[in-house]
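Residue-level listing of the chains:
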Amino acid sequence: MVYCSICSQTQFQGIVKLNSKKGIPAICTTSGAVFRQARVDEHDASDVHKACMDRVKQIKALEAGKIMEGETKLEKAFRFANTALQKKLASIFLSVYNDAKRGTLSAWSFPSRYIAKIMGDRLDLPSPHTDFVPTESDLQYVTPHFHREALLTIAETDRLTFKNVFEEALAISLRMDGAVDKQNIDNKHVMAKVIDKNGQSHTLYLGFSQPEERGSMGLYEAVKTTSQNIYMEWENLFALVSSVVTDGENTNTGEHNSLWQKLTDERENSGIPLPLLKIWCAVHRSQLAYKDMVLSVSELRHLISESKYLADYFNVSAVRTKGLKEAAISNSIEVITFPSVKDIRFTEYTHKLLSSVLRNYPAVISYLKDQESNGEARSLLSKWTDKDTVVLAAFVTSYMYIKDYRS
């Protein structure tokens, strides 16, 4: 087996992901790939390896005090740019930062959004119409690749600010949770609730890391490596941590060999008098309690099952959905979409499901009556014209609304 000693390092995994179109290559992990000379040569010439090597050179240059050699491409562009180009680059950075804060817009649509903004700025309604023809200067740097470079530069610039916030914090609470992405990689995400020197609280995202080992030891090491994202030693960060929050998985909360126990042992061995509180996330715990309640109370179990069946009856058929909308128009009401099944936040899904059933109720009953000759529609009509079923659905929906409102 062979692996790249540079690209496989945890601190470069983010760069590997950004430059690889098909997930993280096996040669870029410590597990490695089957040795083939062609594979090694291909990796050496790849964008992934070149990006990691560029980052290594920048880090070494900065450590040696060679600021100019450690500059990124964007920083060099700023240094040699004239005033007009600096203003344009600053405008692009503002657009990229705004996209990142909104969290929904992609780099691929960035050029069209930016050009549309230029068209709006140059639009002169009183003047005769002229076709907008962007110049070569207008299109300079307006590419999806530059959007990614700008986003990385913004994040890199903000790391030192993050470090200062953590170093000056009065207390820190770490929150850990795992999620498997589309490439079937188990990432461990870490957030921090920080109380700053002014007593104000902030919730900050430290980053994610992929465990190199199975079980609690892999999780423990993955959590520790996230401190590198803010250029801070784990020991210095952990010294300020007063509590950790996880879900109830045994790997996190086990009595003898778990993440909680390893963090507790580290705190006791460090000699720091600050106690470490271990907290089982209330949201995860309430979801488990709610699911147990639903399974144990037969009336609720049947109500949710019948509501799911009714929602699926319309969601799987465009013809039925169209008929439901026509029935809604005839009843002068507006149809809302039935939610799809969600495995997480079951309380939220249940509330949305029952609310949609009740909101659409007149249209549903009208449609089912028109389709009464169909056996499935006749069975649904019988269930949802039962008074006890409707009253229970209304009661549960009202209770969950009040509960959410008060919390």
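In this text, all values refer to a predicted model and were calculated from it rather than measured experimentally.

Analysis parameters
- Residues numbered from 1 in each chain as written.
- Predicted model: local features only at pLDDT ≥ 70, side-chain atom pairs only at ≥ 80, totals over all residues.
- Heavy atoms only, no water.
- Pairing = 2+ DSSP bridges.
- Helix = DSSP H or I, 4+ residues; strand = E, 2+ residues; numbered from the N terminus.
- Core = buried A, V, L, I, M, F, W, Y, C linked by side-chain atoms within 4.5 Å.
- Buried < 20%, exposed > 50% of the residue type's maximum accessible area, 1.4 Å probe, protein only.
- Contact = heavy atoms within 4.5 Å.
- Axes fitted to C-alpha atoms, helices over the stretch in contact; angles between N-to-C directions.
- Left-handed = near helix turned anticlockwise from the far one by under 90°.
- Nonpolar A, V, L, I, M, F, W, Y, C, P; charged D, E, K, R; others polar.
- pLDDT = per-residue confidence, 0-100.
- Parallel < 35°, antiparallel > 145°, perpendicular 65-115°, else oblique.
- Expected span 1.5 Å × (residues − 1).
- Arc of directions from axis to C-beta.
- Phe/Tyr/Trp six-rings, centres within 6.5 Å; stacked < 30°, edge-to-face > 60°.
- Lys NZ or Arg CZ within 6 Å of the ring centre and 35° of its normal.
- Salt bridge = Lys/Arg side-chain N within 4 Å of Asp/Glu carboxyl O.
- Disulfide = S-S within 2.5 Å.

Considerations on the pairing of strand S3 (residues 201-209)
Here is step 1: Two strands pair when backbone bridges link them, and strand S2 (residues 186-195) and S3 are joined in this way by 8 bridges, in the antiparallel orientation. Across the sheet, the residue bridging to Lys193 is Thr203, located in S3.

Points about the nonpolar core
Here is step 1: In this structure, Leu310, Tyr313, Phe314, Phe338, Val364, Leu368 and Trp384 are the most contacted members of the largest nonpolar core, which totals 30 residues.
Here is step 2: Element by element, the count of residues in this core is highest for helix H14 (residues 298-315), at 7 residues.
Here is step 3: Discounting chain neighbours no more than four positions away, the residues touching Tyr313 are Arg320, Tyr367, Leu368, Glu376, Ala377 and Leu380.
Here is step 4: In terms of nonpolar packing, the next biggest core, distinct from the first, is built from 24 residues, Phe166, Val194, Leu204 and Leu276 among them.

A closer look at the pairing of strand S4 (residues 241-246)
Here is step 1: Burial analysis of S4 places 5 of its 6 residues in the buried class, which makes it a mostly covered element.
Here is step 2: As judged from the 4 bridges shared by S4 and strand S5 (residues 277-280), these two strands associate in the parallel manner. Bridge pairing in S5 places Val245 opposite Ile279.

Here's the deal with the packing of H14 against helix H16 (residues 346-359)
Here is step 1: Packing of H14 against H16 brings their axes to within 10 Å, and their N-to-C directions diverge by 65°. For H14 against H16, the interelement crossing comes out left-handed. Contact with H14, carried on its side by Leu303, Ile304, Ser307, Lys308, Leu310 and Ala311, involves Phe346, Tyr349, Thr350, Leu353, Leu354 and Val357 of H16 and no other residues of that element.
Here is step 2: Across the contact of H14 with H16, the residue classes break down as 9 nonpolar, 2 polar and 1 charged.

Side note on the confidence of the model for the chain
Low-pLDDT stretches of the model should not have their predicted coordinates read in fine detail.
Here is step 1: Predicted confidence across the chain gives a mean pLDDT of 81, with 88% of residues reaching 70 or more.
Here is step 2: Summarising per-element confidence for the chain, the mean pLDDT is lowest in helix H4 (residues 73-80) (62) and highest in helix H17 (residues 361-370) (91).

Some points on the packing of helix H9 (residues 215-225) against helix H12 (residues 259-270)
In a pair of packed helices, the angle between the axes and the distance between the axes together describe the arrangement.
Here is step 1: Contact geometry for H9 and H12: axes closest at 9 Å, N-to-C directions at 55°. One finds that H9 runs oblique with respect to H12. When the axes of H9 and H12 are compared, the crossing they make is right-handed. In contact with Ser216, Met217, Leu219 and Tyr220 of H9, H12 contributes Leu259, Lys262, Leu263 and Glu266.
Here is step 2: Broken down by class, the residue content of the contact of H9 with H12 amounts to 5 nonpolar, 1 polar and 2 charged.

Considerations on helix H6 (residues 110-122)
Here is step 1: Between its terminal C-alpha atoms H6 stretches 19 Å, which fits the 18 Å expected from 13 residues at 1.5 Å a residue.
Here is step 2: Residues of H6 that are buried: Phe110, Pro111, Tyr114, Ile115 and Ile118. Along the axis of H6, the buried residues cluster in a sector spanning 125°; they form a single face.

Thoughts on the packing of aromatic side chains
Here is step 1: Summed over the entire model, instances satisfying the criterion amount to 6 aromatic pairs.
Here is step 2: When the centroid spacing of 5.2 Å and the interplanar angle of 20° are considered together, the rings of Trp234 and Phe238 count as stacked. In this pair, Trp234 and Phe238 are both assigned in helix H10 (residues 234-238), 4 residues apart and thus about one turn of the helix distant. For the pair shown, Trp234 and Phe238 are each scored as buried.
Here is step 3: Grouping aromatic residues by their ring pairs yields a cluster made of Tyr313, Phe314, Phe338 and Tyr367.
Here is step 4: Seen from the ring of Phe238, Arg267 lies directly overhead, with NZ or CZ sitting 4.5 Å from the centre.
Here is step 5: It is Lys383 that lies over the ring of Tyr309; its NZ or CZ is 5.6 Å from the centre.

A closer look at the pattern of salt bridges
Here is step 1: Counted under the stated rule, the structure contains 3 salt bridges.
Here is step 2: Of the charged contacts, one joins Glu167 and Lys163 as a salt bridge, the two residues approaching to 4.0 Å between their closest N and O atoms. With a gap of 4 residues between them, Glu167 and Lys163 both fall in helix H8 (residues 144-167), about one helical turn apart.
Here is step 3: Its relative accessible area of 42% is what places Glu167 among the partly exposed residues.

As for the state of the cysteines
Here is step 1: Inspection of the entire model under this criterion finds 0 disulfides.
Here is step 2: The closest cysteine sulfur to the non-disulfide-bonded Cys28 is located on Cys7, 4.4 Å from its own sulfur.
Here is step 3: Given the relative accessible area of 1%, Cys28 is considered buried.
Here is step 4: Not engaged in a disulfide, the cysteine Cys52 finds its nearest cysteine sulfur in Cys7; these two sulfurs lie 3.7 Å apart.

Details of the environment of Leu89
Here is step 1: Assignment of secondary structure puts Leu89 in helix H5 (residues 83-102).
Here is step 2: For Leu89, a relative accessible area of 1% gives the class buried.

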